[in-house]
Amino acid sequence: MKISIGNDHAGPDYKRAILLYLEEKMHTVINHGTDTFDSVDYPDFGHEVAYDVQMKNADLGIVICGSGNGIAMTANKHQGVRAALCWTKEIAELARQHNDANVISIPARYTSIQQAVDMVDTFLNTKFEGGRHANRVNKIACK
């Protein structure tokens, strides 16, 4: 799979751990995130990841900021992007199964690095169930 990842200053350590996981699993990665703890603006990186997913340059996206909220809100402004704020593996699984989420948003200040890697693993390995959920997902985008 081709994965786009972006993070602000709250997530460099998280991104590094996730990148190691993705490389171990032989995924191709597009890295838009910062590598330092110097303050940056999360929308700059959220838009880049969402654009990759929207334009089908990436299969899925991963965004990371302090709360996970701002960067998820940013990503969700793009048509066809469904970014889900996740804080457990179970939420990540349901985001894929029921909502066909294509971007996972990770709150770095409220999860451990291992939780984040586990959520990414679950997110990448869970398929959309379709069925009754497809009708609901089709109603998400504005017309």
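Relevant structure appears above.
In this text the structure is predicted, and so the values were computed from the model without any measurement.

Caption draft 1: A look at the pattern of salt bridges. Within this structure, the stated rule accounts for four salt bridges. Residue Asp 100 is joined to Arg 96 by a salt bridge in which the shortest nitrogen-to-oxygen separation is 3.5 Å. Residue Arg 96 is classed as buried on the basis of its relative accessible area, which comes to 9%.

Caption draft 2: Local environment of the nonpolar core. Grouped together as the largest cluster of nonpolar side chains are 25 residues, with contacts concentrated most on Ile 18, Ile 62 and Ile 106. Of all the secondary structure elements, the ones that give two or more residues to this core are strand 1 (2-7), helix 1 (12-24), strand 3 (60-65), helix 4 (89-99), strand 5 (103-107) and helix 5 (113-124). When residues of this core are assigned to their parent elements, the largest contribution, six residues, is made by helix 5. Non-local contacts of Ile 18, meaning those with residues more than four positions away in its chain, are made with Ile 5, Ile 62, Ile 64, Ile 106, Ala 116, Val 117 and Val 120. Among the nonpolar cores identified, the runner-up in size contains eleven residues, and Val 53, Val 63, Ile 71 and Val 103 belong to it.

Caption draft 3: Inspection of the state of the cysteines at higher detail. Considering all chains together, one arrives at zero disulfides under this definition. In this model Cys 65 remains outside any disulfide bridge; the closest cysteine sulfur is found in Cys 86, 13 Å from its own.

Caption draft 4: Focus on the side chain of Arg 96. Mapping Arg 96 onto the fold places it in helix 4. There is a polar contact of 2.7 Å between the side chain of Arg 96 and the backbone oxygen of Ala 101. When residues no more than four places from it in sequence are discounted, the contact partners of Arg 96 are Leu 60, Ala 101, Phe 123, Thr 126, Lys 127 and Phe 128.

Caption draft 5: Layout of the environment of His 98. Looking at the element boundaries, His 98 is found in helix 4. For the pair formed by His 98 and Arg 136, sequence separation is 38 residues and the distance between their alpha carbons is 8.9 Å. Non-local contacts of His 98, meaning those with residues more than four positions away in its chain, are made with Phe 128, Glu 129, His 133 and Val 137.

Caption draft 6: Summary view of the packing of helix 1 against helix 5. Contact geometry for helix 1 and helix 5: axes closest at 9 Å, N-to-C directions at 45°. In terms of orientation, helix 1 and helix 5 fall into the oblique class. Considering the relative orientation of helix 1 and helix 5, their crossing is right-handed. Contacts between helix 1 and helix 5 involve Asp 13, Tyr 14, Ala 17, Ile 18, Tyr 21 and Leu 22 on the former and, on the latter, Ile 113, Ala 116, Val 117, Val 120, Asp 121 and Leu 124. For the contact of helix 1 with helix 5, the residue count by class is ten nonpolar, no polar and two charged.

Calculation notes
- Residues numbered from 1 in each chain as written.
- Predicted model: local features only at pLDDT ≥ 70, side-chain atom pairs only at ≥ 80, totals over all residues.
- Heavy atoms only, no water.
- Salt bridge = Lys/Arg side-chain N within 4 Å of Asp/Glu carboxyl O.
- Buried < 20%, exposed > 50% of the residue type's maximum accessible area, 1.4 Å probe, protein only.
- Core = buried A, V, L, I, M, F, W, Y, C linked by side-chain atoms within 4.5 Å.
- Helix = DSSP H or I, 4+ residues; strand = E, 2+ residues; numbered from the N terminus.
- Contact = heavy atoms within 4.5 Å.
- Disulfide = S-S within 2.5 Å.
- Polar contact = N/O pair within 3.5 Å; in protein donor to acceptor, adjacent residues only side chain to side chain.
- Axes fitted to C-alpha atoms, helices over the stretch in contact; angles between N-to-C directions.
- Parallel < 35°, antiparallel > 145°, perpendicular 65-115°, else oblique.
- Left-handed = near helix turned anticlockwise from the far one by under 90°.
- Nonpolar A, V, L, I, M, F, W, Y, C, P; charged D, E, K, R; others polar.

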